[in-house]
Amino acid sequence: LIKGERKIDLDEARRFIDENIYSSFIRKYNQESDVLITLVGNGYGNVALSPNDKSIIMQNTIGLRCNNLGDNTFLFYNLSLNKRLLTDLNIGAAQPSIKVGDLLNVELIFPPISEQRAIAAVLSSLDDKIELLREQNKTLEVTAQAIFKEWFVNFNFPGATGKMIDSELGKIPEGWRIGGLVEDKISKFVKTNIDHFDGTKDYVETSNVNLSNFVGNFEKITFSDRPSRANMQPVANSFWFARMAESRKYLLFQDRDSNDIESKILSTGFTGIQSIKEYLYFYWCFVLSDIFNNLKNQYAEGAVQVAISNGGIQR
């Protein structure tokens, strides 16, 4: 459940225990705002704060609790914003893992407790505002989806005359035509390649995206020392989606997103399509729709990993 976010969504929990078993875990259950760290697996090194709901720490997770000289929330940000400190502790070959002893030997800088609390309060406030904006974006996306369905599925759009013509997909309004995600002079695939860069950038894996939001902490990569899949470069006026079937992960990069465009590299698990501005939001609403999700799953192929190819996207 730990994905590197400040809060854990217990709605995603898969295992529950009754009150008697919970009570038997003397001193092993975590308290609100304990710092939880994943020790094993692809999410190793992810950090989160324990919720106020009753919960316990199971295997492959460690909980840290500060004494009176430290603030838990400050410790969380100290670790999550310096995730390389944790990922560098990996000792696993087949499966990434962190030894508890190595973790406890990590050295961190702690200012006086009053400064820790002040820093934690500012960062928490910023995270709360970000979460509020995410919720507002969800509301706007729901509204956009409703309008999209009414206009482009039910064909009940402003100025509609009601006259329909035949097409390979059935009846469509007169003057409309059938097109694809990739259309000459309108849109094109973003090529699998990145430009040389100095310093570090954020590597965005598919696990770092939930619906249309970034989640968790990004791995910092350099051009010469980067995973082989870190090979997709965001561009302005582009929309992206995860190739895997049954995976709803989407990204939109507009002109105003220059900071993300310059600071991030995406995994080849994403497909990127760049379009002219006039079509960008139409495409964006379409890829967010159930119609697109069903089509993507229909054309996805593969024995080991079922995913859609560029050829499938162009069908």
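Summarised in this report is the structure supplied together with it. (Residues numbered from 1 in each chain as written. Predicted model: local features only at pLDDT ≥ 70, side-chain atom pairs only at ≥ 80, totals over all residues. Heavy atoms only, no water.)

1. Quick word on the packing of helix H2 (residues 72–80) against helix H5 (residues 113–152)
Running from N to C, H2 and H5 point in directions that differ by 70 degrees, and their axes come no closer than 8 Å. One way to sum up the angle between H2 and H5 is to call them roughly perpendicular. Seen from above, H2 lies across H5 with left-handed handedness. Judged by residue contacts, Thr 73, Phe 74 and Tyr 77 of H2 engage Gln 116, Ile 119, Ala 120, Leu 123, Ser 124 and Asp 127 from H5. The class makeup of the residues in the contact of H2 with H5 is 5 nonpolar, 3 polar and 1 charged. (Axes fitted to C-alpha atoms, helices over the stretch in contact; angles between N-to-C directions. Helix = DSSP H or I, 4+ residues; strand = E, 2+ residues; numbered from the N terminus. Parallel < 35°, antiparallel > 145°, perpendicular 65-115°, else oblique. Left-handed = near helix turned anticlockwise from the far one by under 90°. Contact = heavy atoms within 4.5 Å. Nonpolar A, V, L, I, M, F, W, Y, C, P; charged D, E, K, R; others polar.)

2. A few points about a nonpolar patch on the surface
Residues Ile 147, Trp 151, Phe 152, Ile 276, Tyr 279 and Phe 282 make up a contiguous nonpolar surface patch of about 480 Å² in total accessible area. For the nonpolar patch, the secondary structure elements donating two or more residues are H5 and helix H7 (277–287). Here the nonpolar patch takes 3 residues from H5, the largest share from any one element. Summarising the element assignment, Phe 152 is placed in helix H5. (Patch = residues over 30% accessible without salt bridge, like charges linked within 9 Å, V, L, I, M, F, W, Y side chains within 5 Å. Areas by Shrake-Rupley, 256 points an atom, 1.4 Å probe, with all protein chains shown as cover. Salt bridge = Lys/Arg side-chain N within 4 Å of Asp/Glu carboxyl O.)

3. Here we look at the packing of aromatic side chains
One pass over the structure, following the stated rule, counts 18 aromatic pairs. On the numbers, 6.2 Å between centres and 55 degrees between planes, the contact of Phe 282 with Tyr 283 is tilted. Sitting over the face of the ring of Phe 223, Arg 226 holds its NZ or CZ atom 4.5 Å from the ring centroid. Just above the ring of Phe 214 sits the side chain of Lys 264; from NZ or CZ to the centre is 5.3 Å. (Phe/Tyr/Trp six-rings, centres within 6.5 Å; stacked < 30°, edge-to-face > 60°. Lys NZ or Arg CZ within 6 Å of the ring centre and 35° of its normal.)

4. Observations concerning the sheet that holds strand S13 (residues 250–253)
Overall, antiparallel pairing links the 4 strands, which are arranged S6-S15-S12-S13 in an open sheet. The open sheet is flanked by strand S6 (187–189) and S13, the only strands paired with a single partner. The average angle at which neighbouring strand axes cross in this sheet is 20 degrees, direction not considered. The sheet contact formed by S6 and strand S15 (residues 270–275) spans 3 bridges and is antiparallel. Bridged to Ser 187 within S15 is Ser 275. (Pairing = 2+ DSSP bridges.)

5. Describing unusual backbone geometry
The phi dihedral of Asn 237 falls on the positive side, at around 60 degrees, and the residue is not glycine. Inspection of the secondary structure puts Asn 237 in the loop between strand S11 (230–232) and strand S12 (238–242). The class for Asn 237 is buried, based on a relative accessible area of 12%. Here Glu 246, not a glycine, exhibits a phi torsion of approximately 60 degrees, which is positive. Among the structural elements, Glu 246 can be located in the loop between S12 and S13. (Buried < 20%, exposed > 50% of the residue type's maximum accessible area, 1.4 Å probe, protein only.)

6. Structural notes on the nonpolar core
Looking at soluble globular proteins, one finds that nonpolar side chains tend to be buried together. Counting 19 residues, the largest nonpolar core has Leu 181, Phe 239, Phe 241, Ile 273, Trp 284, Val 287 and Ile 313 as the members making the most contacts within it. When residues of this core are assigned to their parent elements, the largest contribution, 6 residues, is made by H7. Apart from the residues within four sequence positions on either side, Ile 273 is in contact with Leu 181, Val 182, Ser 187, Lys 188, Phe 189, Val 190, Asn 237, Ser 238, Phe 239, Phe 241 and Ile 313. Core analysis: the second largest hydrophobic core is formed by 16 residues, Leu 39, Leu 89, Ile 98 and Leu 103 among them. (Core = buried A, V, L, I, M, F, W, Y, C linked by side-chain atoms within 4.5 Å.)

7. Some words on helix H8 (residues 290–299)
Buried residues of H8: Phe 292, Asn 293, Lys 296 and Asn 297, and no others. For H8, the angular spread of buried residues about the axis comes to 130 degrees, placing them on one side. More than 90 degrees from the buried face of H8, the exposed residues found are Asp 290 and Gln 298. Where H8 is buried, its residues contact S12, S13 and H7. (Arc of directions from axis to C-beta.)

8. Some details on the sheet that holds S11
Here we have 4 strands laid out as an open sheet, ordered S10-S7-S14-S11, and mixed in their pairing. Looking at which strands have only one partner, the edges of the open sheet turn out to be strand S10 (219–221) and S11. Here the strands of the sheet are splayed against their neighbours by 55 degrees on average, with no regard to which way each runs. In the sheet, strand S7 (residues 201–204) pairs with strand S14 (residues 264–267) via 3 bridges, with the strands oriented parallel. When the sheet's bridge partners are listed, Val 204 is paired in S14 with Leu 266.

9. Considering the pairing of S14
Where S11 meets S14, 2 bridges bridge the pair, whose relative direction is antiparallel. Within S14, the position partnered with Met 232 by the bridge is Leu 266.

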